[in-house]
Amino acid sequence: MTSDSLRTLTLGLRPAGRTLLTAQWVLAWRDGTHHLVPNGEIVMEDGAVIFAGRTFPGEVARRIDFGAALVSPGLIDLDALSDLDTYTLVHDNQPGWARGRIWPRSYVERGPYEMYSEEELAFQKRFAFGLLLLNGITTAAPVASLYYREWAETVTEFEAAADAAGDLGLRVFLSPAYRSGGMVLEAPGKMVPVFDEERGLKGLRDAVSFIEHQQGRHNGLINGLLTPDRVETCTLELLRQTMAAAGDLDCRARLHMAQGPLELETMQRLHGATGPEWMATHGLLSERLIAPHATYASRRDLELYAAHGVSIAHSPLVSARMGSMLHSFAACRELGINIGMATDAAPSDMLMNLLMGLVACRISEKRSDAVLSAGLFDAATLGGAKALGRTDIGRLAPGTRADIAVFRLDDPHMTPSVDPITTLVLGGSGKVTQAVFVDGRLSMLEGKLAGFDMHEARKQAQAQFEGLIAKYPDRSWEHPPVQALFSPSYPVWTDAGGKNVEETAF
Ligand SMILES: [Zn+2]
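Residues numbered from 1 in each chain as written. Predicted model: local features only at pLDDT ≥ 70, side-chain atom pairs only at ≥ 80, totals over all residues. Heavy atoms only, no water.

Asks: Can you walk me through the overall build of the protein chain in this structure?
Replies: A tally of helices and strands in the protein chain yields 18 helices and 22 strands. A compact globule built from 506 residues would reach a C-alpha radius of gyration of about 23 Å, and the protein chain, at 23 Å, matches this within 12%. Taking the principal axes of the C-alpha coordinates as reference, the protein chain spans close to 70 × 65 × 50 Å. When burial is assessed residue by residue, the protein chain has 58% of its 506 residues classed as buried. Across the protein chain, every contact between residues at least 6 apart in sequence was considered, and the portion connecting residues at least 24 apart equals 76%. Charged side chains of the protein chain number 47 positive and 61 negative; the gap between the two group centres comes to 2 Å. (Helix = DSSP H or I, 4+ residues; strand = E, 2+ residues; numbered from the N terminus. Rg over C-alpha atoms; globule rule 2.2 N^0.38 Å. Buried < 20%, exposed > 50% of the residue type's maximum accessible area, 1.4 Å probe, protein only. Contact = heavy atoms within 4.5 Å. Lys, Arg positive; Asp, Glu negative; His and termini not counted. Charge placed at Lys NZ, Arg CZ, Asp CG, Glu CD.)

Asks: Can you walk me through the sheet that holds strand β9 (residues 103-104) in this structure?
Replies: Taking strand neighbours across the sheet as the criterion, the 3 strands line up as β9-β12-β13 in an open arrangement whose pairing is mixed. Only two strands of the sheet have a single neighbouring strand rather than two, namely β9 and β13 (190-195). Here β9 runs beside strand β12 (residues 181-187); their pairing, made up of 2 bridges, is parallel. Note that in β12 the partner of Trp 103 across the bridge is Val 184. Strands β12 and β13 of the sheet are contacted by helix α9 (residues 261-271), whose axis makes an angle of about 55° with β13. (Pairing = 2+ DSSP bridges. Axes fitted to C-alpha atoms, helices over the stretch in contact; angles between N-to-C directions.)

Asks: Hey, could you run me through the coordination of the zinc ion in this one?
Replies: For a metal with four tetrahedral donors the ideal donor-metal-donor angle is 109.5 degrees, whereas six octahedral donors ideally subtend 90 or 180 degrees. Around the zinc ion, the donor atoms from the protein are Asp 79 (OD), His 256 (NE2), His 293 (NE2) and Asp 344 (OD), and they sit 2.1 to 2.6 Å away. In this structure, the zinc ion is coordinated by 4 donor atoms arranged in irregular fashion, with angles at the metal of 77 to 139°. Each donor residue of the zinc ion lies on one chain, and together they are spaced D-x176-H-x36-H-x50-D. In this pair, Asp 79 is assigned in strand β8 (residues 75-81) and His 256 in the loop between β15 (252-254) and α9, connecting sequence segments 177 residues apart. Of the two residues, Asp 79 and His 256, both sit in the buried class. (Donors = N, O, S within 2.8 Å, 3.2 Å for Na, K, Ca; no water. Tetrahedral: all angles 85-135°; square planar, octahedral: opposite > 155°, others 65-115°.)

Asks: Looking at this structure, how should I read the pattern of salt bridges?
Replies: Side chains that differ in charge, positive against negative, can pair when their charged atoms come close. Applying the stated criterion across every chain, the model contains 27 salt bridges. Arg 14 is the partner of Asp 439 in a salt bridge, and the nearest nitrogen-oxygen pair spans 2.9 Å. In this pair, Asp 439 is assigned in the loop between β20 (433-438) and β21 (441-445) and Arg 14 in the loop between α1 (5-8) and β1 (19-22), connecting sequence segments 425 residues apart. A salt bridge links Asp 392 to Arg 390; the shortest N-O distance between them is 2.8 Å. Bridged by salt links that share partners, the residues Arg 14, Arg 171, Arg 401, Asp 403 and Asp 439 form one connected network. (Salt bridge = Lys/Arg side-chain N within 4 Å of Asp/Glu carboxyl O.)

Asks: What exactly am I supposed to notice about the sheet that holds strand β5 (residues 48-53) here?
Replies: Adjacent strands of a sheet pair through backbone hydrogen bonds, lying either parallel or antiparallel. Reading across the sheet, the 4 strands line up as β5-β4-β1-β6 and stay open at both edges, with mixed pairing between neighbours. Only two strands of the sheet have a single neighbouring strand rather than two, namely β5 and β6 (62-65). For this sheet, the mean inter-axis angle between neighbouring strands, taken without regard to orientation, is 20°. Of the pairings in the sheet, the one linking β1 to β6 comprises 4 bridges and is parallel in character. By the bridge assignment, Leu 20 is partnered in β6 with Arg 63.

Asks: Is there a simple way to explain the packing of aromatic side chains in this structure?
Replies: Two aromatic rings, taken as a pair, are described by how far apart their centres are and by the angle between their planes. One pass over the structure, following the stated rule, counts 7 aromatic pairs. Judged by centre distance (5.1 Å) and plane angle (65°), the rings of Tyr 116 and Tyr 148 are edge-to-face. In this pair, Tyr 116 sits in the loop between α3 (105-110) and α4 (118-134) while Tyr 148 sits in the loop between β10 (137-143) and α5 (155-168), placing the two residues 32 residues apart along the sequence. Take Tyr 116 and Tyr 148: they sit in the same class, and that class is buried. Between Tyr 472 and Phe 486, the ring centres sit 5.4 Å apart and the planes meet at 65°, which makes this aromatic pair edge-to-face. Of the two residues, Tyr 472 is situated in the loop between α17 (454-471) and α18 (482-485) and Phe 486 in the segment after α18; the sequence distance between them amounts to 14 residues. Neither residue differs from the other here; Tyr 472 and Phe 486 are each classed as buried. (Phe/Tyr/Trp six-rings, centres within 6.5 Å; stacked < 30°, edge-to-face > 60°.)

Asks: Please explain the environment of Pro 73 as it appears in this structure.
Replies: The residue Pro 73 is located in strand β7 (residues 69-73) in this model. A residue is classified by how much of its surface remains accessible, and Pro 73, at 0% relative accessible area, is buried. Between the C-alpha atoms of Pro 73 and Trp 25, which are 48 residues apart in sequence, the distance is 12 Å. Discounting chain neighbours no more than four positions away, the residues touching Pro 73 are Leu 27, His 34, Thr 381, Gly 394, Arg 395, Leu 396, Asp 403, Ile 404 and Ala 405.

Asks: Help me out: how do you make sense of helix α8 (residues 236-249) in this one?
Replies: The α-helix advances 3.6 residues per turn, and as a result positions three or four apart in sequence lie on the same side. Compared with the 20 Å implied by 1.5 Å per residue over 14 residues, the 20 Å span of α8 between its first and last C-alpha is a close match. Every buried residue belonging to α8 is among Leu 236, Leu 238, Leu 239, Thr 242, Met 243, Ala 245 and Ala 246, and all of these are buried. Residues of α8 that are buried in the fold lie against α6 (197-214), β14 (222-226), β15, α10 (275-281) and β16 (289-292). A positive backbone phi angle near 55° is found at Asp 250, which sits one or two residues after α8. (Expected span 1.5 Å × (residues − 1).)

Asks: It is not clear to me how the layout of surface pockets should be interpreted in this structure. Could you clarify?
Replies: Any space left empty among the atoms is revealed by the rolling of a water-sized probe across them. Taken as a whole, the second largest pocket holds about 920 Å³ of empty space. Secondary structure elements with two or more residues in the lining of the second largest pocket: α4, β22 (448-449) and α17. For the lining of the second largest pocket, the element with the most residues is α17, which contributes 8 residues. Here the residues of the lining of the second largest pocket are counted per class, giving 16 nonpolar, 8 polar and 9 charged. (1 Å grid on protein atoms, 1.4 Å probe; cavity = no way out; pocket = protein on both sides within 12 Å on 5 of 7 lines; lining within 4 Å. Points joined across faces, edges and corners; volume = space filled by probe spheres on them. Nonpolar A, V, L, I, M, F, W, Y, C, P; charged D, E, K, R; others polar.)

Asks: Explanation requested: the packing of α6 against α8 in the structure shown.
Replies: A packed helix pair is summarised by two numbers, namely the angle formed by the two axes and the spacing between the axes. As a packed pair, α6 and α8 sit with axes 10 Å apart at the nearest point and diverge in direction by 10°. The angle between α6 and α8 places the two elements in the roughly parallel class. In this structure, α6 uses Glu 197, Gly 200, Leu 201, Leu 204, Val 208, Ile 211 and Glu 212 to contact α8, whose residues at the interface are Glu 237, Leu 238, Gln 241, Thr 242, Ala 245 and Leu 249. Counted by class, the contact of α6 with α8 contains 7 nonpolar, 3 polar and 3 charged residues. (Parallel < 35°, antiparallel > 145°, perpendicular 65-115°, else oblique.)

Asks: Quick question: what am I supposed to make of the nonpolar core here?
Replies: Counting 110 residues, the largest nonpolar core has Leu 226, Tyr 305 and Phe 377 as its most contacted members. Not counting residues up to four positions away in its chain, the partners in contact with Phe 377 are Leu 27, Leu 70, Ser 72, Leu 75, Leu 351, Leu 354, Phe 407, Ile 421 and Val 425. By size, the runner-up hydrophobic cluster in this structure holds 23 residues, among which are Phe 66, Val 71, Phe 437 and Leu 442. (Core = buried A, V, L, I, M, F, W, Y, C linked by side-chain atoms within 4.5 Å.)

Asks: Would you mind going over the side chain of Asp 349 with me for this structure?
Replies: For Asp 349, the location among the structural elements is in the loop between β18 (339-341) and α14 (350-365). Here Asp 349 is buried and forms no salt bridge, its nearest opposite-charge partner Lys 431 lying at an N-O distance of 5.2 Å. A distance of 3.0 Å separates the side chain of Asp 349 from the backbone nitrogen of Met 352, its partner in a polar contact. With residues near it in sequence (within four places) discarded, Asp 349 still touches Asn 135, Thr 343, Gly 428, Ser 429, Gly 430 and Lys 431. (Polar contact = N/O pair within 3.5 Å; in protein donor to acceptor, adjacent residues only side chain to side chain.)

None of this, on its own, says anything about what the molecule does.
Dropping the structure here:
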């Protein structure tokens, strides 16, 4: 049962005075590890945790009892979906290159353009941030597709994103993504990279200036992160300057590497090395680097990550959907590599990713005890914080920020259990998230956000996505109509006997 005091809290506000949270289980950090505290207590004041343990000895302004729930550190998402996920379009419509996932030469020659307006770009980030909060994610490093962009992300949309994070109460690490090149489709199945180095360097300069202006805004919720797109679409000079800038700004950089066969081929052709080998040769691997997704990393690549303190951003759901997995979560941990978790794609569900990560590791290792639920839960909290260079998030102890997620344990979908971590990981659904506090402020309660109606927003998201789909033929190989690009799962029933399904839009 939830005590009445919960109803006295206001969405979007930090409760005044000391607020005590208790539940059947509390996850408190002590002596280098999370501890499960039965009927434990967390006390927060002015956005910080001042007590995490069994019984708080002092006075509090209010006491909120969540009952059969876990009061947990909020989850950290290193590659957090901030998009209306366009991979859903090719999920059952393959190959991707034939369905608008790669720019055909004809589209490049005519001049790529933005497929969303500034308002649409701002809206999709706000909506995506809302979904992250609904799933118990309190810290996010946003990521979105560049396939439908004119080139890269823009400062304008990221200013809007920073304000959305501030309005909704989500801690973010971000700046606009940039790149020196992109893949162009020359013939069916034949992709080649094209480069424009100056454009990439300008993107980096914009990102640096964005971070200089935004760092620390909204009570410290806004933090810098440099996000060069992918190793195969960046020149050496761009990555050199990126890592130097990360040092100057004292922030992290995220670079997708060792994540697919096309990247491996392209890197061999351009540089005669894998992404991690190439980066290591030029002294660019360091603990400042976060590298999604490592599913195509060689043993040597992983050893390089371990030697240089690179963190892996692990998003097992999107990898598995594309037929790949990390080999393996347990092996990487054994090598001493720090792993943080990521959603990366729809659904923005971290608990689902923890279940998928546990399953993928056990399949990869062919052992049912290759990894335990706590290993994945550590990655989504402590691992993410370490990757971002922070010790004041991802754990609940005196002095940490009050970034907290409350997960129901008595939801009918959650199997009865004696251990809340196993229950949540095995449950595999963030839908049991009841409340989220970020920096002590109530950012989400029972599916509701401050000043943003997710049900209305979902209607807008649908309309915006349909608008994008209508533009797909323009940037798809030989420009077929939408109906030929994206087929329905089953023939669509029509009353006009004899009318061909292919002629029927859905
Ligand atoms: Zn990713």
